[in-house]
Amino acid sequence: MRPEVQACVALGANLGDAVQSLRDALAALDAHPAVRVLRTSSFYRTAPVEASGPDFINAVALVATTLTAPGLLAVLQDIEQAAGRLRPYRNAPRTLDLDLLTYGTARIDSPALTVPHPRMMERAFVLVPLHEVLPALVPPEALDAVRHQAVERLD
């Protein structure tokens, strides 16, 4: 068996019951035999960034997994598909969006996966909940740089 690695997963949705979609995704992640959800941020409402449609509900989960990074990405994509995720065009509104932000200390740059996520430091909807679950990953200057992006905590 592989040793566990801690990874951070961003969750977002802006179609249907977005809050329930995130809850269901967290439950599906935690139900996977090779994944344990360790911590989950609060849920946040944010305006779409480089996207259209209604406001998003966003969160970040810290997980422990024995899966490889590509294996974890496949699980995330399976959960998205089970939630009815369609990809008609880039940044389309979505029932569920799961992004692998970090995978331990790994740096991965392949056609299928880039870790750490290449745009996470530019987005308040990622940094604010990420700071909540793993403050050491988010330097104060990164939070300052996205302070102009509105993020409303729901719970």
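Residues numbered from 1 in each chain as written. Predicted model: local features only at pLDDT ≥ 70, side-chain atom pairs only at ≥ 80, totals over all residues. Heavy atoms only, no water.

> Residues and numbers for the overall build of the protein, please.
Tallying secondary structure elements over the protein gives four helices and eight strands in all. Counting helices and strands in the order they occur from the N terminus, the protein gives β-α-β-β-β-α-β-β-β-α-α-β. Over its C-alpha trace the protein gives a radius of gyration of 14 Å, about what one expects of a compact globule, namely 15 Å for 155 residues. Counting only C-alpha atoms and orienting by the principal axes, one finds that the protein spans roughly 45 × 35 × 30 Å. For the protein, contacts bridging at least 24 residues in sequence account for 66% of all contacts bridging at least 6. Within the protein, one finds 14 positive and 17 negative side-chain charges whose respective centroids are separated by 2 Å. (Helix = DSSP H or I, 4+ residues; strand = E, 2+ residues; numbered from the N terminus. Rg over C-alpha atoms; globule rule 2.2 N^0.38 Å. Contact = heavy atoms within 4.5 Å. Lys, Arg positive; Asp, Glu negative; His and termini not counted. Charge placed at Lys NZ, Arg CZ, Asp CG, Glu CD.)

> With reference to specific residues and values, describe the layout of surface pockets.
Estimated volume of the second largest pocket: approximately 270 Å³. Lining the second largest pocket are 16 residues, with Thr-102, Gly-104, Thr-105, Pro-116 and Leu-137 positioned closest to its centre. Counting residues per element, the ones that place at least two in the lining of the second largest pocket are β1 (5-13) and β5 (97-103). Sorting elements by how many residues they give to the lining of the second largest pocket places β1 first, with three residues. Among the residues making up the lining of the second largest pocket, the classes are represented as ten nonpolar, five polar and one charged. (1 Å grid on protein atoms, 1.4 Å probe; cavity = no way out; pocket = protein on both sides within 12 Å on 5 of 7 lines; lining within 4 Å. Points joined across faces, edges and corners; volume = space filled by probe spheres on them. Nonpolar A, V, L, I, M, F, W, Y, C, P; charged D, E, K, R; others polar.)

> Which residues make up the nonpolar core, and what are the values?
Among the nonpolar cores identified, the biggest contains 30 residues, and Leu-11, Leu-22, Val-63, Leu-72, Leu-98 and Leu-100 are the most heavily contacted of them. At the level of secondary structure, the elements contributing two or more residues to this core comprise β1, α1 (18-31), β4 (56-65), α2 (69-82) and β5. What Leu-98 contacts, discounting residues up to four positions off in sequence, is Val-9, Ala-10, Leu-11, Ala-25, Leu-76, Ile-79 and Glu-80. Core analysis: the second largest hydrophobic core is formed by 15 residues, Ala-10, Met-120, Val-126 and Val-146 among them. (Core = buried A, V, L, I, M, F, W, Y, C linked by side-chain atoms within 4.5 Å. Buried < 20%, exposed > 50% of the residue type's maximum accessible area, 1.4 Å probe, protein only.)

> An account of the environment of Asp-55 is requested, with residue identities and associated values reported.
With respect to the helices and strands, Asp-55 occurs in the loop between β3 (44-46) and β4. Assessed through its relative accessible area of 38%, Asp-55 is described here as partly exposed. Among residues more than four places away in sequence, those in contact with Asp-55 are Ala-13, Asn-14, Arg-45, Thr-46, Ala-47 and Pro-48.

> Residues and numbers for α1, please.
In an α-helix there are 3.6 residues to a turn, and that puts residues three or four apart on one side. Taking 1.5 Å per residue, 14 residues should reach 20 Å; α1 reaches 20 Å between its end C-alpha atoms and fits that length. Inspection of α1 places Ala-18, Ser-21, Leu-22, Ala-25, Leu-26 and Leu-29 among the buried residues, and these make up the whole buried set. With its buried residues spanning 135° around the axis, α1 presents them on a single face. Looking at the packing, one finds that the buried side of α1 touches β1, β2 (35-40), β4, α2 and β5. (Expected span 1.5 Å × (residues − 1). Arc of directions from axis to C-beta.)

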